[in-house]
Amino acid sequence: MSIIDRKALVGRHNPVIREVVPLSPLSVGNGEFAFTADLTGLQTFPEAYEVPLGTQSQWGWHSTGGREVWTLDDVRLQYRDEATGLGGYPVHAEDREEAYHWLRQNPHRLQLGQLGLLLLQENGGRMTPEDITDAEQTLDLWTGVLTSRFRADGVPVAVQTVCHPELDGIGVTVESPLLAEGRLGLSLRFPAPGVTSQAWDKTTGLHWGGPEEHRSELERLSGGSFLIRRTMDVDGYGALLRLSEGELAREEEPHAYAVRGVIPGGRLELTLSFAPQDRQPPELAGVIGTLEASRRHWERFWQEGAAVELADSRDPRALELERRIVLSQFLTAIHSAGSVPPQETGLLYNSWFGKPHLEMHWWHAVHFPLWGRTELLLRSMDWYREILPKAKALAASQGYTGARWPKMVGPEGNQSPSPIAALLIWQQPHPIVFAELAYQADPTAETLERFADIVLESAEFMASFAAWDEAEGLYVLGPPVIPAQENHKPAGCRNPAYELEYWHHGLETAIRWAERIGRPVPDRWQRVCRHLAALPEKDGVYLAHERCPDTYTAFNTDHPSMLGALGLLPGRLVKPDVMRATLGRVLESWRWETSWGWDFPMAAMTAARLGEGALAVDLLLKEEVKNTYLPSGHNYQRPGLTAYLPGNGGLLAAVALMAGGWQGGPEGHAPGFPQDGSWTVRAEGLNPWL
């Protein structure tokens, strides 16, 4: 029986918005599809928001000019050792600028459309945000329903918006006397595909230029339904709008449609759904059916997963931490739990051209099994199986065996050229950890067989990549390599601390996996584990990597990733006293304003494992711009990166560790929180960390 009133816990953190908050539009979604709305409940005033008001899916992608205009065979490769045949990475464009940048930008994720209210003043002019008064918008997290009430030019309007939990579409109800007056309609517009800049942080908005770059064809169906077929190059999709009243007609503006005129009774119901070009958009079961499906889905989500309640704590920060925890669960469920690893901004808008970053998949999704929601991680695990042939081909092209997982990829699994991405390695053990968490949740032969190839091929590359240093009698990592702290030159980086620990942990886990399924353990795996270099240290603290003695002076920016060796990981190679000193040095010297949203929970996990519960909480709630959690619950980083899901996922991972404990850790309740009585932690359903 639950010790927590879960409905009350969730409900007290429902976002309530009473004015235009440019950084905090609210979204509804299901992991595969999301719709982001302004204060009106739709996408009526996009110009008033710094966050793009978008509609995105896991399947909606486009390649400018067609697919495979360029391939990696068309770009230069750097860092190849001709003597050994190892390496070869698409790092710099050199004289292949066009191919290099096309591959970075393509495929890019599509914004599927923008649906807004068409609000008219008495003189026929369009209303502006200044005409909206007395607004109150509430996102009911328990049901997934967004309710928006306001006055438009003094007249009341009520809008309900909800996403179907299993289909790519929304249901909307609009009620207002303005409908009967012919002053309230709908606007449906479709942006162009493509990107407007080579810079990742200049591609966030919807692209309204280039009307000739795409086509929109309207077809009237029966029963108040309208199908818009969208095509761009060889890609396309369909949008199906179903109205209870009214007609959808083309506007003068290209790729724009509207519902205008009198709607008797002052009530309009509609559904809008999307599908790729080879499928018909789904017919939603009306607004009422969509509402009921959403209510059932979210009630089950909140009741069946884990819960953490902090509200009775004496620490005045407890309610804010509880708010972040609740909202992060909702946001990662709608943005980070799809069939493809998510981009860092989820299904809000494009960052890095909409592509997933596989090293970030850990931060997006590792918390799901810890919070009793393993199925949300499993949604994307089969994608690794699908791209396994490409991962093996990538490893072979660089002279290695096994499967090398790329960093920045499109849904098809091809690596993207990048000055950083191609040289990162810390994404490599992630699928091993994911598989192990899946096995802990369901320790069956079926789980072992399902993920065996992912685990074993990941480990094979790791063992192949570790190089034997004859002089030192050790296996080493790099050069060339770029660690999680990305401000190091690849040619000079060797044995980064976090990666060493992760290599050891990943191989140990893979060895256990092979033993479980009765497969022989390769000798090299065991040799690498036994003879892997020690974590680099100097003056009693760990270094970023062994050639970085000035870690805490010249390189005290970006991620303090050496902390991850104990916290994210069990720290088999870690000396606790050295890590304690390392944490202290980081606290003294690090330039936290340069860090990222997941650095704060990472440091909190290190503190928790070292028995510093008060410090762990302080780090989770550290007052820094990049540790800001907006009214929507999103983790803000900076202009252009106004939402950062790895911060939300990292927070949930840290709280799971702090409240639920870890295997081999201290016994007792909430071991990662302060034990002085200042925190009252009620937790249920959490699974101990590996």
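The shown structure was predicted, so the numbers you read here are calculated from the model rather than taken from an experiment.

**Digging into the packing of helix α11 (residues 445–465) against helix α13 (residues 523–531)**
As a packed pair, α11 and α13 sit with axes 9 Å apart at the nearest point and diverge in direction by 60°. It follows from the interaxial angle that α11 and α13 lie oblique. Pair α11 / α13 crosses with left-handed handedness. Two secondary-structure elements touch here, α11 through Leu-456, Ala-459, Glu-460, Ala-463 and Ser-464 and α13 through Arg-524, Trp-525 and Val-528. Looking at side-chain class alone, the contact of α11 with α13 contains five nonpolar, one polar and two charged residues.

**Details of the side chain of His-164**
Note that His-164 resides in the loop between β12 (155–163) and β13 (169–175). Residue classification places His-164 among the buried positions, given a relative accessible area of 10%. A distance of 3.0 Å separates a polar atom in the side chain of His-164 from the backbone nitrogen of Glu-166. In this structure, His-164 is in contact with Asn-30, Gly-169, Leu-284, Thr-290 and Ala-293, ignoring residues within four places of it in sequence.

**What to know about the pairing of strand β6 (residues 78–81)**
Two strands pair when backbone bridges link them, and β6 and strand β7 (residues 86–89) are joined in this way by three bridges, in the antiparallel orientation. Each bridged residue has a counterpart across the sheet, and for Arg-80 the counterpart in β7 is Gly-87. Taking the residues that link successive antiparallel strands as the turn, the β6-β7 hairpin has four residues, and the phi of Gly-85 there is positive, at about 75°.

**Let's talk about the nonpolar core**
Judged by nonpolar contacts, the single largest core of 210 residues is most densely connected at Trp-362, Trp-371, Trp-503, Phe-673 and Trp-689. At eleven residues, the largest contribution of residues to this core is made by α11. If near-sequence neighbours (up to four positions away) are discounted, Trp-362 is found in contact with His-430, Val-433, Phe-434, Tyr-502, Leu-568, Met-605, Ala-653 and Trp-689. Core analysis: the second largest hydrophobic core is formed by six residues, Val-75, Tyr-100, Trp-102 and Leu-103 among them.

**Structural notes on the environment of Val-521**
With respect to the helices and strands, the residue Val-521 is situated in the loop between α12 (497–516) and α13. A C-alpha to C-alpha distance of 6.2 Å links Val-521 and Ile-511, two positions ten residues apart in sequence. Setting aside chain neighbours within four positions, we find Val-521 in contact with Ile-511, Ala-514, Glu-515 and Gln-526.

**Side note on the packing of aromatic side chains**
Under the defined criterion, the tally for this structure stands at 25 aromatic pairs. Relative to Trp-302, the ring of Phe-301 lies with its centre 4.9 Å away and its plane at 85°, an arrangement referred to as edge-to-face. For Trp-302, a relative accessible area of 3% gives the class buried. Aromatic rings pair up to connect Trp-362, Trp-363, Trp-426, Tyr-498, Tyr-502 and Trp-598 into one cluster. Sitting above the plane of the Trp-596 ring, Lys-626 keeps its charged end 4.8 Å from the centroid.

**Observations concerning the side chain of Thr-606**
Within the element layout of this structure, Thr-606 appears in helix α15 (residues 599–609). Given a relative accessible area of 0%, Thr-606 falls into the buried group. One polar contact links the side chain of Thr-606 to the main-chain carbonyl oxygen of Leu-566, over a distance of 2.8 Å.

What counts, and at which threshold
Residues numbered from 1 in each chain as written. Predicted model: local features only at pLDDT ≥ 70, side-chain atom pairs only at ≥ 80, totals over all residues. Heavy atoms only, no water. Axes fitted to C-alpha atoms, helices over the stretch in contact; angles between N-to-C directions. Helix = DSSP H or I, 4+ residues; strand = E, 2+ residues; numbered from the N terminus. Parallel < 35°, antiparallel > 145°, perpendicular 65-115°, else oblique. Left-handed = near helix turned anticlockwise from the far one by under 90°. Contact = heavy atoms within 4.5 Å. Nonpolar A, V, L, I, M, F, W, Y, C, P; charged D, E, K, R; others polar. Buried < 20%, exposed > 50% of the residue type's maximum accessible area, 1.4 Å probe, protein only. Polar contact = N/O pair within 3.5 Å; in protein donor to acceptor, adjacent residues only side chain to side chain. Pairing = 2+ DSSP bridges. Core = buried A, V, L, I, M, F, W, Y, C linked by side-chain atoms within 4.5 Å. Phe/Tyr/Trp six-rings, centres within 6.5 Å; stacked < 30°, edge-to-face > 60°. Lys NZ or Arg CZ within 6 Å of the ring centre and 35° of its normal.

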